[in-house]
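Descriptive analysis of the structure
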Protein chains: 2
Amino acid sequence: MMVTMSASAGTPRATMADVARAADVSVMTVSNVVNDRAARVSDETRARVLAAIDALGYQVNVAARQLRQGRTGVIALAVPDFSAPYYGELATRLADRLAASGLRLVVERTGGALSDELALLERSRLSAYDGLIMSLTRADADDLAEAHATRPVVALGERGMSAGVDHVAMDNVGGARLATEHLLARGARRIAVVGGSLKDGESMSASRTRGHVEALAAAGLAPEPSLVIEGGVDLAAGYAAVTRLADAGVGFDAVLALTDTAALGALAGLSQRGLSVPGDVQVVGWDNTESGAYGVPTLTSVDPDNERLAAEAVRLLLARLDGAASPAEQVVPTASLAVRGSTRSGA
Amino acid sequence: MMVTMSASAGTPRATMADVARAADVSVMTVSNVVNDRAARVSDETRARVLAAIDALGYQVNVAARQLRQGRTGVIALAVPDFSAPYYGELATRLADRLAASGLRLVVERTGGALSDELALLERSRLSAYDGLIMSLTRADADDLAEAHATRPVVALGERGMSAGVDHVAMDNVGGARLATEHLLARGARRIAVVGGSLKDGESMSASRTRGHVEALAAAGLAPEPSLVIEGGVDLAAGYAAVTRLADAGVGFDAVLALTDTAALGALAGLSQRGLSVPGDVQVVGWDNTESGAYGVPTLTSVDPDNERLAAEAVRLLLARLDGAASPAEQVVPTASLAVRGSTRSGA
DNA sequence: CTGAAAGCGCTAACAC
DNA sequence: GTGTTAGCGCTTTCAG
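This report concerns the structure included in the present document. (Residues numbered from 1 in each chain as written. Chains lettered and ligands numbered in written order. Predicted model: local features only at pLDDT ≥ 70, side-chain atom pairs only at ≥ 80, totals over all residues. Heavy atoms only, no water.)

**A look at the protein's contact with DNA strand C**
Selection criterion: We call a residue near a given molecule or strand whenever any one of its heavy atoms falls within 4 Å of it. The term polar contact refers here to a pair of N or O atoms within 3.5 Å; inside protein, the definition further demands a hydrogen-donor-capable atom paired with an acceptor-capable atom, and it admits residues adjacent in sequence only when both atoms are side-chain atoms. The secondary structure listing takes helices from DSSP runs of H or I that are at least 4 residues long and strands from runs of E that are at least 2 residues long, numbered from the N terminus.
In the vicinity of DNA strand C, 24 residues are found, and the nearest of them are Thr29, Ser42 and Thr45 of chain A together with Met16 and Tyr58 of chain B. What you see for DNA strand C is that sugar and phosphate hold 71% of its atoms within 4 Å of the protein. The contact in question runs from a phosphate oxygen of DNA strand C to an N or O atom on the side chain of arginine 65 of chain B, over 2.9 Å. Elements that contribute at least two residues to the surface near DNA strand C include exactly helix H2 (27–34) and helix H4 (62–69) of chain A together with helix H2 (27–34) and helix H4 (62–69) of chain B. Among the elements that make up the surface near DNA strand C, the one with the highest residue count is H4 of chain B (four residues).

In structure tokens form, the structure reads like this:
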């Protein structure tokens, strides 16, 4: 361990009043310079003010500005979990698009509990942002409506919601049908659903499982409950699911994992058990992440149309920031399938 | 697309004055209730105030509070890139530890450019946070010192810095030596360094490459420039590096990738080329991420001691928030090697 | 083009 | 226990 010079937190900041004094103008003129209200200040005054700003190292106090005008220029993205690559890719897409409108993105973690998701909506926290994009897993329409958010909120992802909140949803049922049809066409007959749930409802797990069951039914097959593995959709869950099935002697010839992350965990588990993909077991993931595209083997995955999801979320949010008071919209991009090496070729 | 009820941004918020009026007390009493200054308000008054708060749906205005007391309870983590799993895991560890001290973590992206890293340090942006943990790639000691941050800053990661800023560094040279010795002991003789650089300096690439070269030298081997692949350390870079080497007919029997992400890309590229790991080519990554532990095959990786990195970063930051004016510290946890299936067993 | 006054919502410091 | 005063740093409004 090395020890070097002091690391104190710096000088007390200069205020607009300090700058005004140094430049021998009023604070209002400083404010006009800082905010580029061009028409309102002469070139020569501006130069003097800028020099003073530079000399004092002045920076505006965002808290004061926000208190006065109520805006921050920052949008928050709330995700259940920092670690899943999908959310990282989502954040990247959103940040790029928002930057084009002069807005900054920061990412918060909700922890995936209902109470955490609602806490973010409390005005006390939301007020630090101009708007919120929320990747929901627990909260639903009624929760959001009750929360009476004071800033525009766009819900993203899983749940079928209908009321009061702009929502960019995923094509959960359609995507699961596509994936299942693809597997059936390639000879799979016993498909394990990692992260699935046979419960009713609009949760991500339930609606994707429903799409899967519909596709089975269309092919004259009945779902088998022992192949629907409830639990998480992270790496460990995918790994554990295939390992447990194999240990229990439950036969299966395909895996539909409800996230790419779970699918990668399943690939690891299958490899560990000496099962080949796609020879012994075919695997389909969900989200079409880059991490899946670089899997071994490369991962066939449901593509929820990530670019469109991001584009719509930003469009809806910008419209609200612009003051739009139109009814809430629900947008559901159509899912497709990105076919790669983890499922067999040909039909 | 569906259209439902209105999604306006909600009611104008109630202020403390509104609550005070409703409860027939002063704003100061409301403030005391809201901030749990227990001793200063009777149970009966408190109940009345809480009822009013509930009835009006009051929430404190954080901007006003911040303007007054200068603190926000929020710590920012700045990372070059939202997508790399390593940063997600880092954010998770930091958020958990900070939560134990009642602090919230938000994640910002710097984009990995020097100007972006410095922009975050500008007081105008930093003032929204009580402190900043910065995963540096471009900025160094002098840059940070010049930035005169107004809040405590802890630098994290790659660069060897020495002055003025608390810094939790990685054991770049030591980790690279360990990894290289491990590969040499298992029979590797031609080790490709993905993301490496033979330039001088303290950059992540340069210092890890230096450790690698030192280990080669200790074994009486000379580095071969054609095996040091400059460029990125993401999935695509790892994939492209091994693909190009194979196409060019440059023989290699091992890969030292400077991140797990690049290593996973390399695994994908090797698999695609029909090369077996660890039979034909052994692979070592860096960061010891969960994503590597679930690779196919599971990834041997340099473990920078992630838990300790997070713990030290939080410890240093909390000390500064507490007002510590001690000299800047530099902490360098010792790296170790997590040995898994991508390198051969035995010695 | 420039400035003075008022106040955003809150809390520290001090009365009572 | 509770209230009063003052002011954090900025921008809106209106007067010059």
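Anyway, onward from the coordinates.
**Looking at the protein's contact with DNA strand D**
The condition that has to hold: When residue character is reported, Ala, Val, Leu, Ile, Met, Phe, Trp, Tyr, Cys and Pro are called nonpolar, Asp, Glu, Lys and Arg charged, and the others, Gly included, polar.
Taken together, 24 residues form the shell around DNA strand D, and within it Met16, Met28 and Tyr58 of chain A together with Thr45 and Arg68 of chain B come nearest. Looking at DNA strand D alone, sugar and phosphate atoms form 68% of those within 4 Å of the protein. One of the backbone nitrogen or oxygen atoms of serine 42 of chain B is found 2.8 Å away from a phosphate oxygen of DNA strand D. The leading source of residues in the surface near DNA strand D is H4 of chain A, at four residues. Within the surface near DNA strand D, the residues separate by chemical class into 10 nonpolar, nine polar and five charged.

**Looking at the relation of the copies chain A and chain B**
Relating one copy of the chain to the other requires a rotation about an axis plus a shift along that axis. We apply this condition: For this overlay, a least-squares fit was computed on C-alpha atoms, restricted to residues scoring pLDDT of at least 70 in both copies. It only takes one pair of heavy atoms within 4.5 Å for two residues to be counted as in contact.
For the match of chain A to chain B, the screw axis carries a shift of 0.2 Å, the RMSD comes to 0.2 Å, and the turn is 180 degrees. In the structure described here, the two chain copies are related by an operation that fits a two-fold rotation axis. In this assembly, 99% of the residues forming the interface of chain A have copies in chain B that are likewise at the interface, indicating an isologous arrangement.

**Let's talk about the nonpolar core**
Worth spelling out the cut-off: We call a set of buried Ala, Val, Leu, Ile, Met, Phe, Trp, Tyr and Cys residues a nonpolar core when their side-chain atoms join them within 4.5 Å. Exposure categories follow from relative accessible area, calculated using a 1.4 Å probe and restricted to protein chains: below 20% of the type maximum is buried, above 50% is exposed, and the middle band is partly exposed.
In this structure, Leu105 of chain A together with Leu105 of chain B are the most contacted members of the largest nonpolar core, which totals 86 residues. The residues touching leucine 105 of chain B, leaving out its near neighbours within four places in the chain, are Phe82 and Val107 of chain A together with Ile75, Ala76, Leu77, Ala91, Leu94, Ala95 and Leu98 of chain B. Ranked by size, the runner-up nonpolar core spans 48 residues in total, among them Leu270 and Val283 of chain A together with Ala192 and Ala263 of chain B.

**Looking at the interface of chain A and chain B**
Definition in use: Defined here as a combined quantity, buried area equals the accessible surface (1.4 Å probe) lost by two parts on assembly, summed across both. Salt bridge, as used here: a side-chain nitrogen of Lys or Arg that lies within 4 Å of a carboxyl oxygen of Asp or Glu.
Across the boundary between the two partners, chain A contributes 76 residues, which contact 76 residues of chain B. Carbon and sulfur atoms make up 57% of the surface buried where chain A meets chain B, a total of about 6000 Å² over both sides. The interface formed by chain A and chain B includes four salt bridges. Aspartate 96 of chain B is the salt-bridge partner of arginine 109 of chain A, the closest N and O atoms lying 2.8 Å from each other. Counting residues per element, the side of chain A that touches chain B draws most heavily on helix H5 (residues 85–99) of chain A, which supplies seven residues. In the side of chain A that touches chain B, the residues fall into 36 nonpolar, 24 polar and 16 charged.

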